[in-house]
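# Residue-level structural notes
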Amino acid sequence: MSGSATTMFFNELFDAASGQYKSYINGKWLRSCSNKVVTIMNPSTREEQAKVQACTREEIDEAYEGCAKAQEVWRQVPLWKRAEALRKVAGILREQRETIADCLVSEVAKAKKDSLSEVDRSADLIEYCAEEGLRLLSKGDFLTSDAFKGTERNKLCLSSRIPLGTVLCIPPFNYPVNLCVSKIAPALIAGNAVLVKPPTQGAVAGLHLAQCFDKAGDVFPKGLVNFVTVKASENGDYMAQHPGNDCLSFTGGDVGLSLAKKVGMIPIQMELGGKDACIVCEDADLDLAAKHIVKGGFSYSGQRCTAVKIVLVHESVADALCEKVLAGVQKLTVGMPEDNKNITPVISEQSANFIEGLVLDAKQKGAKFLTEYKREGNLIWPTLLDRVRPDMDIAWEEPFGPVVPIMRVTGADEAVAHANKSRLALQACVFTKDVDNAIRLSDAVRAGTVQINGAPARGPDHFPFQGFRDSGIGSQGIVNSIGMMTKTKTTVINLPTPSYTV
Ligand SMILES: NC(=O)C1=CN([C@@H]2O[C@H](COP(=O)(O)OP(=O)(O)OC[C@H]3O[C@@H](n4cnc5c(N)ncnc54)[C@H](OP(=O)(O)O)[C@@H]3O)[C@@H](O)[C@H]2O)C=CC1
Ligand SMILES: O=C(O)[C@H](O)COP(=O)(O)O
């Protein structure tokens, strides 16, 4: 990628004269007249990787106007044709997987094999969405009035799901393709238009995704799908508060908390941070728990909202668990995403400094380091901390990096109390061999999802996915997203006389 057109298929995205990537507005690749850019850094080299345009408010308005017009056409396209159009995009995405994965490698430092899986998973998600949309949206309700006390059977009610209009999609850096299609695909199958504001890190991958929609041809009306790059600090709120929005689907960190207060009377879906607790009971299969802690805590260097972000282990098995987790951590490879290492540089210097701050605070307050802390630039070696206590910041903050804190507890109730005190409540997991205990703890932990004997995870992508407290509003997953991006419309047939079937 590095600031140039990637392949012929994608050459329209890039403006060689200015060295900038364009935005996709109203079915065209547009050169912004702002003369302002947003710079994307390569997290591994810490050098400039690419530039995208900071579009103006007028250009944002144009995109919204295009959305409104195109949606009028799209909502009347038969459902089966909408599904076919989505399947076409999935096919193109698969064909272009290598190029898009390379963007992820250089923009967000995701290992090449994981970048490829992200693209494949996105194509799978689009296809599943097309299928599920056909089933869900073809069904409605038929009600008769005579169920309600005092009424006769003289009213027949038909209810179905109709689109909302325009959905503003704001994904985060860590899955710039997958968390983009998880918003776009349900919106489109349901008959909506979309305006995507890609994350800065991941914007080029996002623009490549836009080209896959463009190349699907006239199956989509011009203006139905827009990718508008902006400086979030200048125009993020403007977009979120735009009167053209009929829905906001956002994934990211605490900025979502403030956006939720600013948007008006529209449905919102907020998937925010997580401090996913892993509770390991006295009777747990420790090999299984250790395996999941290593994978769950360190995949993509811990930069997943569903990463294991604190282990709460019964003190009687803590030594044995630590030994097993450490053995797994020692096998992790560290290095560059191009070389498919397990641990790769974190997204930015700012993020690396934040992670380091948490580690140093824990050190100063007496945490036991099971691994030596080591950092080179944005690359942080996997760090395992034992004997973490509630007075340490790492006990509560989300590092979003390759650091797993372990806290020893006297029993499951203490673990549950700690998990429930966190302001973040996305997922949690419980390791125990006792099914009754598992269900009791699942009920007791107040988080969006509790995994039994497995690490937290969003997928498979048709499962409901939601956070409680500061972790979110609403629920994602293919079925729930389609539901959320539609509204119920009813038609009531009033009969002159009650009708009864014999
Ligand atoms: N629950 C979940 O499903 C997930 C949660 N997350 C959470 O996201 C965080 C990390 O992702 P990160 O990308 O850094 O999150 P951010 O919250 O920083 O950014 C998320 C998105 O919001 C945009 N944005 C920033 N400010 C505004 C604004 N004022 N108005 C509109 N949009 C804005 C960003 O743009 P820009 O990049 O240009 O600043 C980006 O596209 C972590 O806390 C993580 O837990 C991540 C993935 C999944
Ligand atoms: O952004 C995230 O971190 C994801 O939503 C988590 O997805 P995963 O559990 O499939 O990695």
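Residues numbered from 1 in each chain as written. Chains lettered and ligands numbered in written order. Predicted model: local features only at pLDDT ≥ 70, side-chain atom pairs only at ≥ 80, totals over all residues. Heavy atoms only, no water.

### Brief notes about the packing of aromatic side chains
For the structure on display, the rule yields six aromatic pairs. Here the aromatic rings of tyrosine 24 and tryptophan 29 are separated by 4.9 Å at their centres, their planes lie at 45 degrees, and the arrangement is tilted. In terms of burial, tyrosine 24 and tryptophan 29 fall into one category: buried. Both rings, one in tryptophan 74 and one in phenylalanine 220, keep their centres 5.4 Å apart while their planes meet at 45 degrees; by these two values the pair is tilted. (Phe/Tyr/Trp six-rings, centres within 6.5 Å; stacked < 30°, edge-to-face > 60°. Buried < 20%, exposed > 50% of the residue type's maximum accessible area, 1.4 Å probe, protein only.)

### Considering the site of ligand 1
Pro171, Thr200, Gly253, Leu272 and Glu398 are the nearest of the 27 residues found near ligand 1. Between ligand 1 and aspartate 237 there is a distance of 3.0 Å, counted from a nitrogen atom to a side-chain nitrogen or oxygen. Taking 900 Å² as the accessible area of ligand 1 by itself, protein coverage stands at 83%. Where the shell around ligand 1 is concerned, the elements lending two or more residues are α7 (232–240), β12 (247–251) and α8 (255–262). Considering only residue class, the shell around ligand 1 consists of 15 nonpolar, eight polar and four charged. The residues that make up the shell around ligand 1 include at least three from each of domain 1 (3–272) and domain 2 (277–452). (Near = heavy atom within 4 Å. Polar contact = N/O pair within 3.5 Å; in protein donor to acceptor, adjacent residues only side chain to side chain. Areas by Shrake-Rupley, 256 points an atom, 1.4 Å probe, with all protein chains shown as cover. Helix = DSSP H or I, 4+ residues; strand = E, 2+ residues; numbered from the N terminus. Nonpolar A, V, L, I, M, F, W, Y, C, P; charged D, E, K, R; others polar. Domains from an automatic or database assignment.)

### Comments concerning the packing of helix α3 (residues 97–108) against helix α6 (residues 203–215)
One way to put it is that α3 packs onto α6 with a least axis distance of 8 Å and a crossing angle of 165 degrees. Compared by their axis directions, α3 and α6 come out roughly antiparallel. Considering only the axes of α3 and α6, their crossing is left-handed. Residue-level contacts link Thr99, Ile100, Cys103, Leu104 and Glu107 of α3 to Ala203, Val204, Ala205, His208 and Cys212 of α6. The residue inventory of the contact of α3 with α6, partitioned by class, reads seven nonpolar, two polar and one charged. (Axes fitted to C-alpha atoms, helices over the stretch in contact; angles between N-to-C directions. Parallel < 35°, antiparallel > 145°, perpendicular 65-115°, else oblique. Left-handed = near helix turned anticlockwise from the far one by under 90°. Contact = heavy atoms within 4.5 Å.)

### Some thoughts on the pattern of salt bridges
Inspection of every chain in the model, using the stated rule, returns 28 salt bridges. Each of Arg94, Asp124 and Glu127 takes part in a single network of salt bridges with overlapping partners. (Salt bridge = Lys/Arg side-chain N within 4 Å of Asp/Glu carboxyl O.)

### Some remarks on the side chain of asparagine 178
With respect to the helices and strands, the residue asparagine 178 is situated in helix α5 (residues 178–189). By relative accessible area, which is 0% here, asparagine 178 ends up buried. For asparagine 178, the side chain forms a polar contact with the side chain of arginine 458, separated by 2.9 Å.

### Here's the deal with the domain arrangement of the chain
Its domain assignment divides the chain into domain 1 (3–272) and domain 2 (277–452). Taken together, the contact between domain 1 and domain 2 spans 19 residues of the former and 19 residues of the latter. Interface area lost by domain 1 to domain 2 is led by Pro43, Arg46 and Phe173, which between them contribute 28%. Applying the counting rule to domain 1 against domain 2 returns two salt bridges. The salt bridge partner of glutamate 349 is arginine 46, with a shortest N-O separation of 3.7 Å. (Buried area = accessible area lost by both parts, 1.4 Å probe.)

### Description of α3
Counted at 1.5 Å a residue, the expected span for α3 with its twelve residues is 16 Å, and the 16 Å between its end C-alpha atoms agrees. Where burial is concerned, most of α3 is hidden: nine out of the twelve residues are buried. Taken as a whole, α3 has its buried residues at Thr99, Ile100, Ala101, Cys103, Leu104, Val105, Ser106, Glu107 and Val108. The inward-facing, buried residues of α3 abut β5 (37–41), β6 (48–53), α2 (79–95), α4 (112–137) and α6. Alanine 109 lies just past α3 and shows a positive phi near 55 degrees. (Expected span 1.5 Å × (residues − 1).)

### Description of the environment of lysine 331
Topologically, lysine 331 is positioned in the loop between α10 (315–330) and α11 (349–364). For lysine 331, a relative accessible area of 68% translates into the label exposed. A C-alpha to C-alpha distance of 9.4 Å links lysine 331 and asparagine 342, two positions eleven residues apart in sequence.

### As for the sheet that holds strand β23 (residues 449–452)
Reading across from one edge, β16-β19-β20-β15-β14-β22-β23 is the order of the seven strands in this open sheet, with mixed pairing throughout. Among the strands making up the open sheet, the edge pair consists of β16 (368–369) and β23. Bridge analysis of β16 against strand β19 (residues 383–386) gives two bridges, and the strand direction is antiparallel. Bridge pairing in β19 places phenylalanine 369 opposite leucine 385. (Pairing = 2+ DSSP bridges.)

### Description of the site of ligand 2
Neighbouring ligand 2 are the residues Arg121, Asn174, Tyr175, Leu179, Arg304, Cys305, Thr306, Ala457, Arg458, Gly459 and Phe465. The side chain of tyrosine 175 places a nitrogen or oxygen atom 2.4 Å from an oxygen atom of ligand 2. Arginine 458 has a polar side-chain atom sitting 2.7 Å from an oxygen atom of ligand 2. Counted by class, the shell around ligand 2 contains five nonpolar, three polar and three charged residues.

### With respect to the sheet that holds strand β26 (residues 486–494)
Strand order across the open sheet formed by three strands is β7-β8-β26, with antiparallel pairing between neighbours. Edge positions in the sheet fall to β7 (141–144) and β26, since each of these pairs with one other strand and no more. Here the average twist between neighbouring strands, direction ignored, is 25 degrees. Direction of pairing for β7 relative to strand β8 (residues 155–163): antiparallel, over a ladder of four bridges. Residue pairing for β8: threonine 144 is matched across the bridge by leucine 156.

### Quick look at the environment of isoleucine 170
In this fold, isoleucine 170 is placed in strand β9 (residues 166–170). Spatially, the C-alpha atom of isoleucine 170 lies 9.9 Å from that of glycine 256, the residues being 86 residues apart in sequence. In contact with isoleucine 170, not counting residues within four places along its chain, are Lys183, Lys197, Leu248, Ser249, Phe250 and Thr251.

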